[in-house]
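# Topology and contacts: notes
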Amino acid sequence: MSAATPPRLGFERRLATLGAAIRRRSAGRRNRLIRLLGEEFSPTPRRVRIAVRIGLECAVGMGLMAAMQIDSILGAYVLYNLTSAGAPMIRPLMCALLILVEGVALALSHPLAGILAEAPWLMLSFFALETAAYAYLVSRLQLGAVWLMVQITFLGTFYVVVFAPNDFGWGLAYTFGGVTVAFLLMTLFDTVLWPEPAEAALLESLRECLERTRTRLRNVVHVFLDSDDASAVPAAPLISHLPAHLNLLSRAESERSDPHRDAVLLAFVTTIERIYVELARLTFVVGERTPRVFRDLFKPQLEAVADALDRSLARLDDYIAGGIVHGPSSPMAESATEVAAAFKALDARRDELAILSRPEAQAAEINVMGSFMLGLRGIARLLELSPDDTPTPVTKAPPQTIASKLFPLDPDATKYATKLGVAIALAYVVGLTTQRGDLTVILWTVVIAGLPTYGATYRKMWLRLIGGVIGGAIGLAMIIIVTPNFETVLTYMIACFVALSVAGHAAQSSDRINYAARQAGTSFVLVFAGLSPSEDIYAPLWRVWGMLLGIAIVALVFLILWPEYAANSQLPRIKKLLRACLDLMPGGAAASSDERIQAAEREVMKTANELLNIADDARLEGRACAIDPDRVVDATGTLRRIAYRVGSVSEVRLQTPIPPLAPETQAARDAFEAELRARLQSWLDYIEQYRPPTSRSALAWAEERDSARLGELLTRYTDRISASGYAEVASWPADTRVVLFGEIESFHRFIILANELDDNLSRVPLQRRY
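The residue count restarts for each chain, going from 1 along the sequence in the order it is written. With pLDDT at 70 or above as the cut-off, local features in this predicted model cover only qualifying residues; side-chain atom pairs require 80 or more to be listed or tallied, and sums for whole chains, interfaces and linings still use all residues. Remark: hydrogens and water are excluded; side-chain values derive from all non-hydrogen atoms of the structure.

## Considering the overall build of the chain
- Helix numbers and strand numbers start at the N terminus; a helix is a DSSP run of H or I with at least 4 residues, a strand a run of E with at least 2. A count of helical and extended segments in the chain gives 27 helices and zero strands.
- Buried means the residue's accessible area, taken with a 1.4 Å probe over protein chains only, is under 20% of the maximum for its type, while exposed means over 50%, and partly exposed covers the values in between. Residues classed as buried in the chain amount to 53% of the 770 residues present.
- Only the protein chains shown count as cover for residues, and the accessible areas themselves come from Shrake-Rupley with a 1.4 Å probe. Here the chain has roughly 34500 Å² of accessible surface; of this, 61% comes from carbon and sulfur atoms.

Here is the structure:
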């Protein structure tokens, strides 16, 4: 008989193997979660400072409202929401305008609510139409979160009047008093007591990201060269700080009016995000298990490249620390030369060893080595120039009337506003059926949690749910512990300071989870705020229940009945950037005047900002998203640089015309520009032709392009210029020669950027999953 393994024993072995695999997977997920939380909540001086500011500002405000006997939680709600969300600084003039609008809105709501309460169907229609119209107004005029608070207080009146028709006038007065205290206190902190300008916060955050990038890059190179332990491979970075940076940039734009500065800061935000993406790819390469035969042969050269990149990142960090003030030359010129020399030595070592022809060479290791070197080159390419070396728009947009901003109707904004109107009508009906006046929070939840894209709404819904439960539990614990033992306003303020400082610290994490922390603080305010430490636990519980109902309604309307995926919003904006590049080229529709060039460049900055925001939402859509958001970030950065460079070439030609070139030379220049225009037009045609685009078709489209053609045409043009010792331009004035040579330098950059664009756009569509 054969010594076969008994069936039962074989089954037990398979079961044990499966159990071990499950335990390893669970341990990996647990370690990943622990590392994520460590990265998210690690204290930094800036986080601690802002957390203390949030806690102090809210505690003082809630104490003042209690001392002034303002019996409304809306004042505390508005105060915490705006301070924890990092709203733009409120100046005295803006504060006066907000209080005026709030007073007028609440005054109008009193008689209007009384009239509509007699006809429920009119009330329901009013809810839907007012919410949709106001959402469209806020979206198109870019009013920001502070104006959403006005809508929340306004809508609450029409809900409360149904349950307290005889007393809601006092409720309006209390609401106005609480909101006025909140706005005045925020203005005092923002202008006198503790100002926190958004631009300074953005620069500080960019420097923190660069420092983490330098540390991670050193670890990645060390593991690749010196470690045989697979567990020593550093995990890929989990957190993108792009959403936080874009939020700070938006705040900075609101706090001052300087489009040139806005474009410069956007360039830095985009570049640092692209470095983050390249480093994540490099980390995955290091994790590949392959033989390590040749790494030692390249170790000195790779270490030299890594050291040069580290010094280049340090130089960029120093430049940001200095406030990003561009001098006559690129601040990255010296470090870029050093990096180029290090790569030249690496290439020489590769040619010397000729590892591809060695018999002992292993294909797997060579592939990994090539990918690693390619990743290092990707980071180096982003550090060749300072992000603000590329020309940027410098003029302020001409003033637009409100009507020109609102009309013609924007399809995306209209669709979002309609969905929000439907959701708020459902919320009102659900609130009425419960017969509870405490459920006003259901309306607030719908207004805040309903967002334009599927990914953003999905994330905010779950984070609001988690944060609401945590904050409600903390608030109830405070009621149980604080209320029976303490009765003074000071005690009430201390409890608020402790809870909201902790929530404020957690709210400084990335946009992936910071909303949960903000919502925990909001739920605490809803449960605990009042004239004194609350003793009633039933009304707070109804408020938490209202928040959960609001989340369910948002999920029904925005995720099930009418989802809007981020991928659907990305491709139209990529097309918009491609068209802008074509319009900005010499001879294009926008290149006929300085004003049109500046307007087109401002539109490029706006569209690029929108694309970066949507790309972060797309990361959450998983299988529903057919677009690679990281490649969208890369393509956005490349298109932005192309747009600004072609705009600069066109603008310089308008301002400093050069003498006529020889017919053959002019034909060579025209041929280069025509080829560049054809490369851009080709991708525009592709996006128009393939709906939706696929990975296979995009890669095939890119392979059809002759990548060497641009270089050949530029060589033909520069050979004509340099012929016979630059005889053709020798008699030109010095200024015009400088203009010509600067244009040629831009042409050289166009070759690099066009190849980058081909690579990025060809990889934007993800492979289909079957």
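## Quick word on the pattern of salt bridges
- Counted as salt bridges are all cases of a side-chain nitrogen of Lys or Arg within 4 Å of a carboxyl oxygen of Asp or Glu. All told, the structure shown has 34 salt bridges when counted by the stated rule.
- For the salt bridge of Arg 381 with Glu 756, the shortest nitrogen-to-oxygen distance reads 2.5 Å. Of this pair, Arg 381 sits in helix 13 (residues 363–382) while Glu 756 sits in helix 27 (residues 734–762), and the two are 375 residues apart along the sequence.
- Among the ionic pairs, Arg 705 bridges to Glu 704, the shortest N-O distance being 3.8 Å.
- A relative accessible area of 56% means that Glu 704 is categorised as exposed.
- Salt bridges sharing common partners tie together Glu 199, Arg 256, Arg 261 and Asp 262.

## Concerning helix 9 (residues 242–255)
- Its 14 residues place the ends of helix 9 20 Å apart at the C-alpha level, agreeing with the 20 Å of an ideal helix rising 1.5 Å per residue.
- Those residues of helix 9 that sit buried are Leu 242, Pro 243, His 245, Leu 246, Leu 248, Leu 249, Arg 251, Ala 252 and Glu 255.
- Throughout, a contact is declared for two residues whenever any of their heavy atoms are within 4.5 Å. For helix 9, the secondary structure elements touched by its buried residues are helix 8 (198–226), helix 10 (259–286), helix 22 (594–618) and helix 23 (629–655). For a helix, the expected span equals 1.5 Å multiplied by the residue count minus one.

## A word on the environment of Leu 578
- Secondary-structure assignment places Leu 578 in helix 21 (residues 566–584).
- Along the chain, Leu 578 and Leu 684 lie 106 residues apart, while their C-alpha atoms are 6.4 Å from each other.
- Apart from the residues lying within four places of it in its own chain, the contact partners of Leu 578 are Leu 639, Leu 680, Trp 683, Leu 684, Ile 687 and Leu 757.

## Observations regarding the packing of aromatic side chains
- When two rings of Phe, Tyr or Trp (its six-membered ring) have centres within 6.5 Å they constitute a pair, described as stacked for plane angles under 30 degrees, edge-to-face for angles over 60, and tilted for the intermediate range. The full count for this structure, using the stated rule, is 24 aromatic pairs.
- Ring centres 3.8 Å apart and planes at 5° place the aromatic pair Phe 224 and Phe 372 in the stacked group. Pair noted here: Phe 224 is in helix 8 and Phe 372 is in helix 13, with a separation of 148 residues, a long-range link. Here the two residues Phe 224 and Phe 372 agree in accessibility, since each one is buried.
- Ring plane angle 80° and centroid distance 6.0 Å describe the contact between Tyr 690 and Trp 701, whose orientation is recorded as edge-to-face. Placement of the pair is Tyr 690 in the loop between helix 24 (663–689) and helix 25 (695–704) and Trp 701 in helix 25, with a sequence separation of 11 residues.

## With respect to the environment of Arg 281
- Looking at the element boundaries, Arg 281 is found in helix 10.
- Apart from residues no more than four positions distant in its own chain, Arg 281 is found in contact with Asp 630, Arg 631 and Asp 634.

## What about the packing of helix 21 against helix 24?
- Axes, fitted as lines to C-alpha atoms, cover a helix only where it is in contact. Angles between the N-to-C directions of the axes lie from 0 to 180 degrees. For the pair helix 21 and helix 24, the least separation of the axes is 10 Å and the interaxial angle reads 155°. Taken together, the axes of helix 21 and helix 24 lie roughly antiparallel to each other. For the crossing formed where helix 21 meets helix 24, the hand is left-handed. Taking contact as the criterion, the partners of Leu 571, Ile 574, Lys 575, Leu 578, Arg 579, Cys 581 and Leu 582 in helix 21 are, on helix 24, Arg 677, Leu 680, Gln 681, Trp 683, Leu 684, Ile 687 and Glu 688.
- Considered class by class, the residues forming the contact of helix 21 with helix 24 number nine nonpolar, one polar and four charged. Any angle from 65 to 115 degrees is called roughly perpendicular, while one under 35 is roughly parallel, one over 145 is roughly antiparallel, and all others are oblique. Crossings are sorted by hand: turned counterclockwise from the far helix by less than a right angle, the near helix makes the crossing left-handed, and turned clockwise it makes it right-handed. Throughout this entry, Asp, Glu, Lys and Arg are counted as charged residues, while Ala, Val, Leu, Ile, Met, Phe, Trp, Tyr, Cys and Pro are counted as nonpolar. The remaining residues, Gly among them, count as polar.

## Some thoughts on the packing of helix 6 (residues 145–163) against helix 16 (residues 441–449)
- Two numbers describe how helix 6 lies on helix 16: the axes approach to 9 Å, and their chain directions differ by 150°. When the axes of helix 6 and helix 16 are compared, the pair comes out roughly antiparallel. Here the hand of the crossing between helix 6 and helix 16 comes out right-handed. Judged by residue contacts, Leu 148, Met 149, Gln 151, Ile 152, Leu 155 and Tyr 159 of helix 6 engage Leu 443, Trp 444, Val 447 and Ile 448 from helix 16.
- Of the residues in the contact of helix 6 with helix 16, the class split is nine nonpolar, one polar and no charged.

## Remarks on a nonpolar patch on the surface
- Residues with no salt bridge and a relative accessible area higher than 30% make up the patches, which join like charges within 9 Å and nonpolar side chains (Val, Leu, Ile, Met, Phe, Trp, Tyr) within 5 Å. A cluster of nonpolar side chains, contributed by Val 422, Leu 426, Leu 556, Ile 560, Leu 561 and Trp 562, occupies part of the molecular surface with about 540 Å² of accessible area.
- When contributions to the nonpolar patch are tallied by element, the ones reaching two or more residues are helix 15 (411–434) and helix 20 (538–561).
- Here the nonpolar patch takes three residues from helix 20, the largest share from any one element.
- Tracing the chain through its elements places Ile 560 in helix 20.

## Remarks on the confidence of the model for the chain
- Mean pLDDT for the chain: 83, with 86% of residues reaching 70 or above.
- A score from 0 to 100, pLDDT tells how confident the predictor is in each residue. Confidence, expressed as mean pLDDT per element, reaches its minimum in the chain at helix 1 (residues 7–41) with 60 and its maximum at helix 24 with 93.
- Per-residue pLDDT stays below 50 along residues 356–361; that stretch engages in seven contacts with residues further than four places along the chain or on separate chains.

## Overview of the side chain of Thr 131
- Position of Thr 131 relative to the elements: it lies in helix 5 (residues 120–141).
- Residue Thr 131 is classed as buried on the basis of its relative accessible area of 0%.
- Setting aside residues no more than four positions away along its own chain, Thr 131 makes contact with Phe 126, Gln 151, Leu 155, Leu 420, Gly 421 and Ile 424.

## Observations concerning the side chain of Thr 445
- The topology assignment puts Thr 445 in helix 16.
- Polar contacts here mean pairs of N or O atoms no more than 3.5 Å apart (in protein, one a potential hydrogen donor and the other a potential acceptor; neighbouring residues in sequence count only if both atoms are side-chain atoms). Within the structure, Thr 445 has its side chain in polar contact with the backbone oxygen of Val 441 (distance 2.9 Å).
- Setting aside chain neighbours within four positions, we find Thr 445 in contact with Gly 450, Arg 464, Met 547, Gly 550, Ile 551 and Val 554.

## Let's talk about unusual backbone geometry
- Residues Phe 407 and Pro 408 are joined by a peptide bond in cis, for which omega reads 0°.
- The residue Pro 408 is located in the loop between helix 14 (402–406) and helix 15 in this model.
- Positive phi outside glycine occurs at Gln 69, with the angle close to 60°.
- Residue placement: Gln 69 occurs in the loop between helix 2 (45–67) and helix 3 (74–84).
- Phi at Gln 142 takes a positive value of approximately 55°, unusual for a residue other than glycine.
- Relative to the helices and strands, Gln 142 resides in the loop between helix 5 and helix 6.

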